[in-house]
Amino acid sequence: GTKEEGHIKELAITLAKNNIVAIRFDPSGFGESEGDTEKEYRLSNYFRDTESIYTYLKTLPYVDSKQIGLFGHSMGALLVVLFAAKHPEIQASVSVSPPHTMKTKHRVETTWTGWKENGYLEKVRDGKTIKIPWEFLADADSYNSLEDVTKIKTPLLFILGTKDSNVLPEE
């Protein structure tokens with residue numbers, strides 16, 4: 001998602017009111033971030049963005065670098081699992097509706113018709129049409145969240161919406 005989505009803003013405000021530092025950011029190619037969605041829309045790039053934010057966060061004088069947690073939804077929830085597996089020092093993680101893979105039967109049959117042939121998938125986001133390149137899928141397939149989740153030894157909360165139409169419960 002982007003930093004301006006209502007639930008993301010509300011969560012950050014609520015955390016701040018409870019003296020918890022929260023950083024919201026736009027991934028590369030979205031919102032106020034630099035880049036072109038067609039070139040930047042890759043899980044690897046978003047992992048790199050998260051790594052940069054994490055590095056920055058640890059430099060802030062009012063942040064206890066030994067008490068950092070993660071929150072993400074949908075693709076960001078998948079990223080939470082991957083990131084927490086690489087960073088055992090993360091103290092807790094919340095993953096809301098994470099797909100274990102981007103390539104599911106549901107998506108292939110309903111949403112992705114013509115994606116490979118066109119080279120991109122058009123999607124409306126924040127009132128704008130974006131083009132998600134086919135290369136995104138190859139990049140996302142290089143990650144194995146089912147293997148990575150077993151590496152996480154700190155608290156990890158999964159939240160699943162049974163009426164979520166983007167990430168189905170069986171995913």
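The structure reproduced in this document is the subject of the present report. Each chain carries its own residue numbering, running from 1 in the direction its sequence is written. Totals for whole chains, interfaces and linings use all residues, but because this is a predicted model, local features are given only for residues with pLDDT of at least 70 and pairs of side-chain atoms are given and counted only at 80 or more. To get the side-chain values, take all heavy atoms of the structure and skip hydrogens and water.

**Notes on helix α3 (residues 43-57)**
Here is step 1 of the chain: Compared with an ideal rise of 1.5 Å per residue, which puts 15 residues at 21 Å, α3 spans 21 Å between its outermost C-alpha atoms and is within 8% of the ideal.
Here is step 2 of the chain: For the exposure calls, accessible area comes from a 1.4 Å probe over protein chains only, and a residue counts as buried if that area is under 20% of its type's maximum, exposed if over 50%, partly exposed in between. Only runs of H or I of at least four residues qualify as helices and only runs of E of at least two qualify as strands under DSSP, and these elements are numbered from the N terminus. All of the buried residues along α3 are Leu43, Asn45, Tyr46, Phe47, Asp49, Thr50, Glu51, Tyr54 and Leu57.
Here is step 3 of the chain: Contacts are assigned to residue pairs with any non-hydrogen atoms lying within 4.5 Å of each other. Contact partners of the buried residues in α3: α2 (37-40), α4 (75-86) and α7 (135-140). A helix's residues, less one, multiplied by 1.5 Å, set its expected span.

**Comments concerning the nonpolar core**
Here is step 1 of the chain: Tyr41, Leu43, Met75, Met102, Trp115, Ile132 and Phe136 are the most contacted members of the largest nonpolar core, which has 31 residues in total.
Here is step 2 of the chain: Top element by residues in this core is α4. It accounts for nine residues.
Here is step 3 of the chain: In this view, Trp115 contacts Tyr120, Leu121, Ile132, Pro133, Trp134, Phe136 and Leu137; residues no more than four positions away in its chain are not counted. Residues belong to one nonpolar core when they are buried, are Ala, Val, Leu, Ile, Met, Phe, Trp, Tyr or Cys, and are joined through side-chain atoms within 4.5 Å.

**Considering the sheet that holds strand β2 (residues 92-96)**
Here is step 1 of the chain: In this description, strands pair whenever DSSP reports at least two bridges between them. Reading across the sheet, the three strands line up as β1-β2-β5 and stay open at both edges, with parallel pairing between neighbours. Each edge of the open sheet carries a strand with a single partner, namely β1 (69-73) and β5 (156-159). Across this sheet, the average inter-strand angle for adjacent strands is 10°, counted without regard to direction.
Here is step 2 of the chain: Both β1 and β2 contribute to a ladder of five bridges, which runs parallel. Counterpart to Leu70 in the pairing with β2 is Ser93.
Here is step 3 of the chain: Angles shown run from 0 to 180 degrees and are taken between the N-to-C directions of axes, each axis being a line fitted to C-alpha atoms and, for helices, limited to the stretch in contact. On top of the sheet, α4 reaches β1, β2 and β5; it is set at about 150° to β1, its chief contact.

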